[in-house]
Structure formats: structure tokens, C-alpha cells
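# Architecture and fold: a report
Okay, here's what each chain looks like letter by letter:
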Amino acid sequence: MSSLISLPLVMACGFILCAASQFPTALAYVGFHAAPKRISTLYATSGSSDDGVIQPHIVILGGGFGGINSALTLPTLPWSGAAQGIGTTSVKPRITLIDKSERFVFLPLLYELCVDDASIDEVAPTFKSLLSGVGTNKLSTLSGLPDLSDALQLLSGDSNDDDGTKERNCEVSFLQAQVEGIDANNNQVVINRPSGIETINYDALIIATGAEVSCDAVPGASQFALPFYTVEQCFELKRRLSLIDNYLEEVRASSELGQSTNVVVVGGGYSGVELALNLVDRLGSNDVQVTLVHRGKQVLEYATEHNRNAGMERLKSAGVNVMTSTSVAEVSSWDDGTHSDNMSETLRKQLCAVKLTTSNELIEDEGEPETTQLATTLLLWTAGSTPTSIRNAGIRNSVLPRDAMGRILTSPTLNVANYPNVFAIGDCSRPKKVPYPGTAQVAMQMATVASWNIYATLSKKYSSREQDSLKLLPFSYLNLGEMMTLGTNDATISTLGGIELSGPAASWLRRLVYAVRMPTPGQGLFAAVDGSSRKIARGALRNARRKSKPVDWK
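First things first, this report covers the structure right here in the doc. (Residues numbered from 1 in each chain as written. Predicted model: local features only at pLDDT ≥ 70, side-chain atom pairs only at ≥ 80, totals over all residues. Heavy atoms only, no water.)

### Some words on the overall build of the protein chain
Definition in use: In this description a helix means any DSSP run of H or I spanning at least four residues, a strand means any run of E spanning at least two, and both kinds are numbered starting from the N terminus. Three exposure classes are used, based on accessible area relative to the maximum for each residue type with a 1.4 Å probe and protein chains only: buried under 20%, partly exposed in between, and exposed over 50%. Note on contacts: a residue pair qualifies if any of its non-hydrogen atoms lie within 4.5 Å across the two residues.
Looking only at helices and strands, one finds 16 helices and 22 strands in the protein chain. Here the protein chain holds 554 residues, and 49% of them are scored as buried. Long-range contacts, defined as pairs at least 24 residues apart, comprise 70% of the intrachain contacts of the protein chain with a sequence gap of at least 6.

Below is the structure:
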């Protein structure tokens, strides 16, 4: 009975927290900045259509949280409007989102997809489905952010059309392609498609390609380690877990002493801790040893104190072997000829020996770091991003300034020095000396500010009067809190208002919060219904197993 009472309460709290978290992100430029000035006379350019409508081209590189939210935010701005003195001329930009994958990935729920706690349509919808109807009259029902055109025009003293209707003002499309470089001096992006190399002109550019994850710096890691960031990697992990299941089942059935099964997760941040704990739930702690390797002094070093303590306690209770101040030095093939006959050939090929070096913090400048070697059945890589190589590729194939980690240096308004129409957001950008955390909420908030600043930049370009230009807004990060899964039915949450929650209720709330944070309301509704039904079904199965008792046949 208590669970029936607590569930509605958790759901209500979830939607309240989600609504509060959406407000500062979507309405930052309305609530905290002066009302925009009215755009006056606009002049036709080479990008104009036959009816005098100016159509600047806005290109967005990368379809992560920053990229997709930029594509959804830009159409909500009041681009349309009659230009004074030249008839009905107005600005109706074309927006093109470019990504090498056909699907957006909601990374926090990627493991749920791996274990069938979520569907692919919930975790990884196609870009075309998310952008369907965006930029048309259907925008208000499909976009993940509210349509702010009326509010902004009201604040600026403008009014709607005489008949009370308003035509939507943007053309939004998706293009699947690999970015080969950026020619910032000529306002062009070079892409690679199956048909060949192409160039795309732009009037404004948003770079939101995220961080580059690479194992190249560690010898042998690229061959054996499996990163966990894409749908393809998710399904590969699912396949490998199935192989381990079959191996363990055959070993138990034959009563044979099988080869020890070790799973090593590299990286003690949010993703690494979540993955390690969920793998313990998935594989069990009796037959499999999960080891978490982290280079820093403590895991979850950037998490809140509540979430860090909850995570560390859960790691300890789950039996995860946590190795801090430890780095992976080398990964090599492991085949000593003692493997069980029950092990498939496919599973044998992924066996590896992980060489680790652990620094002794108590002894400074004395001796060599301690070296250990782990015979590993499954090696997963969630460590932070590093430059892939010296060779320039992708967005690095440009003259845009970068730091040592390859992040594009920007001003506080998120545009690049000497290139006022180029903006960089998310993990691939660095607008201040100390980088912002590489989280989804940072990218989403940056998307709002970058979208507004592009609107201001283009309105200044096409306005006939300098005094009508809009001010660019500096980015200011508002930490709305953080959530972590600590297992199948466990999570921990810290919110902006100081609310801290752990346990099954936090697991429910986390799923509901993520549902509301989906890019579009339609996607969020599907996630809420599908995710809730799957959690209820799994909970019922778990309770049935607990209540079942073995039959005494004597």
C-alpha cells in the first residue's frame, strides 16, 4: 500500500522539478535580460528568395544535447516580421543539423537500453523524427522548448498579425554526414557523404560535436577496450554480456572450475560508477568480479557530497574493487592456454591482460609506481576524452583557436574571436579559463544562449539601423543538480533547492525527470509511459522471485 501512495508522490515531485529545471534554461534571455529591441528594416541579400524573404543559413554541427536543443530553440525566436520600408520582406532562416549518426542518443539512459529497461525509440530516436514539424505551425506541440515568439514580441512592443495568426518562420532539416573540416574564412563546412566530399555555406555556425573519446594513448586499448557512448557500442556490450552469461551457465552446469571472470571499467566519473554498479546487478557478484579503475584520488570527485557518498557506499556494498590513483599502462592479449572448453571462440578473442600502475601518495619521489596485471574478460572504457592524434580532423581541421585538449576557445558569449558568426558549445568549447563540467545541462543551457546570440548577430546584419541591433548575452551556468543510477532499482539525486534523495524512490524520480528532459514533449511522453511500464514489470518480477519458495518434495 505504501508503494502505491509513494509512486504518485514521486511522479508529482518529478514533474515539478522538471518544470523548474526547464524554466531557467529556456527563458534565460526573457527573465534575466532586457527585452529585445524591435528589428526594423531588413535588406535582401544573395540568400533571399523571390518574394524578398531573407533566408540566412544556420548550420549546426553535432546532434548531442547542445546540437539538438539549438535546432529546437532557434525556431522559437521571432524571426518573422514585416520590414519597414520594403514591403513584406522578413527573415526566415534555413537551419541544417549535421551529424554522422542518424540517431540522437540520450546518454544517461544508454545502459537501460542495453538491458532492455528502455526501448531504442526512447533512448535513441532518429533526428528526422525529432525535427519533424519543427519550424512549421506544428512547432508548439512538437518542440521540446516553449514557443517564445509571442512573449518576445510582446516585450518588444510588437504585435501579432492582424488576423491573429502567425506563420512559422524556419526551415529545419537534418543531414547525415561526417564533418571533414571548417573553412571559417569562407563561411563553409566540408562534409563527407556516400556521394563524396561536399561543401556547405553558412551565415552562422554552431559547433556542438562534443568530446572525442579515444583510447589511442594506451597501447593495445583500442583493440580490446569497448567505449560506451553510442547505440552501436551499447548493442555490442549487450552481445558480450550474453556471451558471458552463456559461459557462466555452462560452467555451472558442468561443475567445472572455469576461468575467473573479471570485468574492468576504466574511469571513475559518473558513467564509470553507474556502469560498474549496473554490471554487478546484471551479472551478479558471486561469479564475476567488477573492478573500477580511476586515475584520480577518489571516484566521483566532481559530484555533490551526497551523491559521492551514496555512490561510494553502494560500490562498497556491491563488492566492486575500486582502484584509485591508478592508470592503465598497457593492454595486451591474454591467452595462457588454461581457458575452459566451455568458453566460446568469440569470447576468447576479447580476453585481455590489463597492466595497471598505481602511485603511492604516501611516498613521494621514492621508487617506481606499483604495477599489477588483471586478466580481464570484458574491458569497458568511460575515461575522459583526450586528443585523438596530432593529425587535424573534423572540427580541428580549421583555423579556429583551440586549447591543448582540442576544445575551441570562445568568448563569454560563446562565439569565436575574429569569427563573430561562429559559436561553439558543450564539451568541444571552452569559454573561460576553468572549463565547465562536461554534462548535458551545460550543453543545453549553452544552446539557448548561442541560439539567442545567433539571432542577435543576424538581426544586426540585416537591420538598417544600428540602434536596432540586439545585445549578445554572456553565458552563465546554473547548476540544476545531478542524478545517478546506482543499480537496477537504486539512484541518488541532488537538486538545486538542496533536495537530496537516494534509493528506489530516487530511481523512479530520475526516470521521470529524464522523461521530461527529452528533446520534445512527444518523446518525453513516450519515455514516461514506456519507462514506467518497464520498471513496474521488472519490479513485479523481482517481487515474485522473492516471494517464491522452493517446493519440499519429501
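So that's the structure; there's more coming.
### Overview of the sheet that holds strand β11 (residues 321-323)
Note the threshold: A pair of strands is considered paired only if DSSP assigns at least 2 bridges between the two.
The five strands are arranged β8-β15-β9-β10-β11 in an open sheet whose pairing can be described as parallel. Pairing within the sheet leaves two strands with one partner each, and these edge strands are β8 (226-227) and β11. Direction of pairing for β8 relative to strand β15 (residues 378-381): parallel, over a ladder of two bridges. Note on β15: the bridge partner recorded for Leu226 is Leu380.

### What to know about helix α14 (residues 440-462)
To keep it simple, the criterion reads: An expected span of 1.5 Å times one less than the residue number is assigned to each helix.
Compared with an ideal rise of 1.5 Å per residue, which puts 23 residues at 33 Å, α14 spans 33 Å between its outermost C-alpha atoms and is within 8% of the ideal. Of all 23 residues making up α14, 19 are buried, and the element is well covered by its neighbours.

### Details of the packing of aromatic side chains
Rules: A pair of aromatic rings is counted whenever rings of Phe, Tyr or Trp (Trp by its six-membered ring) have centres within 6.5 Å, and the orientation is called stacked for planes under 30 degrees apart, edge-to-face for over 60 and tilted otherwise.
Inspection of every chain in the model, using the stated rule, returns eight aromatic pairs. Relative to Phe104, the ring of Phe65 has its centre 5.4 Å away and its plane inclined at 85 degrees; by these criteria the two rings are edge-to-face. One end of the pair, Phe65, is in helix α3 (residues 65-73); the other, Phe104, is in the loop between β2 (94-99) and α4 (110-114), with 39 residues separating them in the sequence. Judged by its relative accessible area of 12%, Phe65 is buried. The class for Phe104 is buried, based on a relative accessible area of 1%. When the ring of Phe65 is compared with that of Phe106, the centres are 5.3 Å apart and the planes differ by 70 degrees; the resulting orientation is edge-to-face. You can see Phe65 sitting in helix α3 and its partner Phe106 sitting in the loop between β2 and α4, a full 41 residues away along the chain.

### Some remarks on helix α11 (residues 270-283)
Structural remark: α-helix, 3.6 residues per turn; residues separated by three or four positions point the same way. Its 14 residues place the ends of α11 20 Å apart at the C-alpha level, agreeing with the 20 Å of an ideal helix rising 1.5 Å per residue. Counting buried residues along α11, ten of its 14 residues qualify, which places the element largely inside the surrounding structure. Listed as buried for α11 are Gly272, Val273, Glu274, Leu275, Ala276, Leu277, Asn278, Leu279, Val280 and Leu283. Within two residues after α11, Gly284 carries a phi angle of roughly 85 degrees, on the positive side.

### What to know about the environment of Thr126
In this structure, Thr126 sits in the loop between α5 (120-123) and α6 (127-131). A residue is classified by how much of its surface remains accessible, and Thr126, at 22% relative accessible area, is partly exposed.

### Focus on the pattern of salt bridges
Put simply, the test is: We define a salt bridge as a contact between a side-chain nitrogen of Lys or Arg and a carboxyl oxygen of Asp or Glu at a distance within 4 Å.
Enumeration according to the criterion identifies 13 salt bridges in this entry. Arg314 is paired through a salt bridge with Asp490; the nearest N and O atoms lie 3.4 Å apart. Of the two residues, Arg314 sits in helix α12 (residues 305-318) while Asp490 sits in strand β21 (residues 490-495), which places them 176 residues apart along the sequence. A single burial state applies to Arg314 and to Asp490, both of which are buried. Between Asp403 and Arg430 there is a salt bridge, with its nearest N and O atoms 3.2 Å apart. Of this pair, Asp403 sits in the loop between β15 and β16 (408-409) while Arg430 sits in strand β19 (residues 429-430); the two residues are 27 residues apart in sequence, bridging distant segments of the chain. Taking relative accessible area as the criterion, Asp403 reaches 14% and is therefore assigned buried. Several salt bridges converge on common partners, so that one network encompasses Glu236, Arg239 and Arg240.

By themselves, these are just geometric observations and shouldn't be taken as functional.
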